[in-house]
Amino acid sequence: MMIRMEILFCTSEAYPLVKTGGLGDVSGSLPQAISALGNDVRLVLPAYPAALEQAGGLETVASLTLEGSAEAVNILKGQFPGSDVVLYLVDAPVMFRRAGNPYVQDDGSDWPDNAARFALFNRAIVALATGQVDAGWRPQVVHCNDWQTGLVPALLSQLPARPATLFTVHNLSYQGLFPGSTLSTLGLPSALWTMDGVEFHGQLSFLKGGIAFADRITTVSPTYAREICTPAFGCGLEGLLQYRADRLSGILNGMDCNVWDPQNDPHIEKHYTVHTLQYKAVNKAALQREMGLPQDAQAMLIGHIGRLVEQKGVDLILEMLGDLFPHPVQMAVLGSGDEKLERRLVSAAGRYPGQLAVQIGYDEALAHRIEAGSDCFLMPSRYEPCGLNQLYSLRYGTVPIVHRTGGLADTVTDLNDKSARDYTATGFVFETDTPEAILNACLRALAYFQSARVNWWKLVITGMKRDFCWTASAAQYVDVYRALCQHQSQAQAPQALRASQAG
Ligand code: ADP
Ligand code: GLC
């Protein structure tokens, strides 16, 4: 029998309300998939201006007095757009009603009061999680995501009766680290300040609060779950993660198959399916036109989209362009982030006119057109907890070329003699994060692209038929929730008994 569970999904971004990267995509779609499996999932977000504008029909359900805020914090309730998921917005105008990026100022530096902003968000979540907000609604499981919600499991751990907690690590290298003195400035319980608590080499770590105190920990792919237990990927937290390994597992991200669907995508030139793949060429020509590249069907067009940060390996791409562009290859790059990388990309585009087109900025619609119009999609990430663009690429018949790490390793099957023969290949996977390895993989892809077309289309179609929509992964989250609920009810039964005997 399916038992309906109450889940509070806590996140600092959710598409289409607010998105800076993959966390936004996941938070905008996973709660709906969990709800579709018969659960009461409610999503809580800070009330950023963009969220307030887009979420209609909001009503105030509570006005809270919380430590860390001179003004009352209102909890607004509405509906997540296009879904039956209840949305709560934590409205603390001084903290969250700021235009622009949720985490950084226009010059790219962090908002100086991020510790106070997200600590307040976390306290509001604790109030919601303990039934103090919405006519006593109490979740059985509180599902936190990344450092911005890391203090929630820590704060809840201090309470005698509390819901179960799950903490999902989307990216271990963003830790929410602040000076040690922040603990007292924020008025956090001193009991949390231990080596196996929120203290990290003398600093306060929000992320560690999640990892140390949550009842269960997940990451967004099985390979990344193993990688983060090693010094190379553990960001100094590998010891704690090894210690908690029996509570840690990887659940691969799914994708929103309504938003990313070449058959219905409102952003692309011409819709297509596995049966009308000839129209992919129309999207390629349109993308070449849009990005100022020659409309050459024979040139292999490689796409790349991403945050311009060290993780994504754009610097490695830049280093191999001189050896790539003597070949009939074009590249279309969309990204924003590190200013130095932005400048290097723009200057490379000047050196390779007609072969490298670069668009600096954040452009959701262009991202869809690059996925639809490219022949291949390059992701040379140094590490990648899951990665979503390779999933979108597979669905759009755009062959991924990826570094064997994290979720990239778990989702792309390299083309070799065996996988070509048994039709399981979906892309090109390389072993090391070096310019040479990236170049070789691109040239391997080019040779295949130029060989018999029927082979190329087979590779494309195999990828398009892989199913990375949420259903399977959402079911795995539900299994984790169910195990947590069972464990919690067993743990709390004796507590309740003791309390009733004492009373
Ligand atoms: P990460 O979360 O590390 O940034 P993911 O691959 O999980 O990486 O998700 C990135 C998401 O952000 C994808 O939906 C991608 O298309 C989108 N994205 C990243 N940079 C841009 C950009 N400059 N313009 C539009 N979309 C972008
Ligand atoms: C992070 C990771 C990315 C992952 C995304 C969503 O930002 O860098 O690999 O896909 O979160 O989980």
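Residues numbered from 1 in each chain as written. Chains lettered and ligands numbered in written order. Predicted model: local features only at pLDDT ≥ 70, side-chain atom pairs only at ≥ 80, totals over all residues. Heavy atoms only, no water.

Some points on the sheet that holds strand β10 (residues 203-205)
Let me state the cut-off plainly: Any two strands with at least two DSSP-identified bridges between them are counted as paired. Under the DSSP-based scheme used, a helix requires at least four consecutive residues in state H or I and a strand at least two consecutive residues in state E, with every element numbered from the N terminus. Every residue pair with non-hydrogen atoms within 4.5 Å of one another is taken to be in contact. Lines fitted to the C-alpha atoms define the axes, with helices restricted to the stretch that makes contact. Angles between their N-to-C directions range from 0 to 180 degrees.
Spatially, the three strands line up as an open sheet ordered β8-β10-β9, and their pairing is antiparallel. The open sheet has two edge strands, β8 (177-179) and β9 (199-200), and neither has a second partner. With three bridges joining them, β8 and β10 adopt antiparallel strand pairing. Bridging across to β10, Leu177 finds its partner in Ser205. Sheet contacts for helix α7 (residues 206-213): β8, β9 and β10; angle to β10, the most-contacted strand, approximately 55°.

Topic: the site of ligand 2
Defined as follows: Any residue with a heavy atom positioned within 4 Å of a molecule or strand is treated as near that molecule or strand. Polar contact is defined as a pair of N or O atoms within 3.5 Å, subject to the rule that within protein one atom must be able to donate a hydrogen and the other to accept it, and that residues adjacent in sequence are counted only when both atoms are side-chain atoms. Note on areas: Shrake-Rupley, 1.4 Å probe, and residue coverage restricted to the protein chains presented here. Each residue is assigned to one class: nonpolar for Ala, Val, Leu, Ile, Met, Phe, Trp, Tyr, Cys and Pro, charged for Asp, Glu, Lys and Arg, and polar for all the others, Gly among them.
By nearness alone, 13 residues border ligand 2, and His170, Asn253, Glu384, Cys386 and Gly387 come closest of all. In the model, an oxygen atom of ligand 2 is placed 2.8 Å from a nitrogen or oxygen of the Asn253 side chain. Interatomic distance of 3.1 Å between a side-chain N/O atom of Gln311 and an oxygen atom of ligand 2. Contact with the protein chains hides 93% of the accessible area of ligand 2, taken as 310 Å² for the molecule alone. Residues of the shell around ligand 2, tallied by class, amount to six nonpolar, six polar and one charged.

Description of the site of ligand 1
Around ligand 1, the surrounding shell holds 21 residues, and the nearest of these are Gly22, Asp25, Arg307, Lys312 and Gly361. The separation between an oxygen atom of ligand 1 and a polar side-chain atom of Lys312 is 2.7 Å. Against a free-state accessible area of 560 Å², the protein chains account for coverage of 94% of ligand 1. Those elements that provide at least two residues to the shell around ligand 1 are α1 (22-36), β13 (300-308), β14 (329-337), α13 (364-373) and α14 (389-395). Counting residues per element, the shell around ligand 1 draws most heavily on β13, which supplies three residues.

So, the domain arrangement of the protein
Threshold: Note: domain ranges come from an automatic or database domain assignment. As used here, buried area is the combined drop in accessible area, with a 1.4 Å probe, of two parts when they are placed together. Should a side-chain nitrogen of Lys or Arg be within 4 Å of a carboxyl oxygen of Asp or Glu, the pair is scored as a salt bridge.
Parsing the protein into structural domains produces domain 1 (6-254 + 471-502) and domain 2 (277-464). The interface of domain 1 with domain 2 comprises 20 residues on the first partner and 18 residues on the second. Taken together, both faces of the contact between domain 1 and domain 2 bury some 1,400 Å²; the carbon and sulfur share is 53%. A salt bridge links Glu364 to Lys19; its shortest N-O distance comes to 3.2 Å. For the pair domain 1 and domain 2, the interface holds 11 residue pairs in polar contact (both at pLDDT 80 or more).

Here we look at the pairing of strand β11 (residues 216-219)
Basically, it comes down to this: The buried label goes to any residue with under 20% of its type's maximum accessible area, the exposed label to any with over 50%, and the partly exposed label to all in between, with areas taken from a 1.4 Å probe on protein chains only.
Residues Arg216 and Thr218 of β11 are buried on one face, and the alternating residues Ile217 and Thr219, pointing to the opposite face, are buried as well. Pairing analysis gives four bridges linking strand β7 (residues 164-169) to β11, with the strands arranged parallel. Across the sheet, residue Thr168 finds its bridge partner in β11, namely Thr218. Bridge analysis of β11 against strand β12 (residues 248-250) gives three bridges, and the strand direction is parallel. Residue pairing for β12: Thr218 is matched across the bridge by Ser249.

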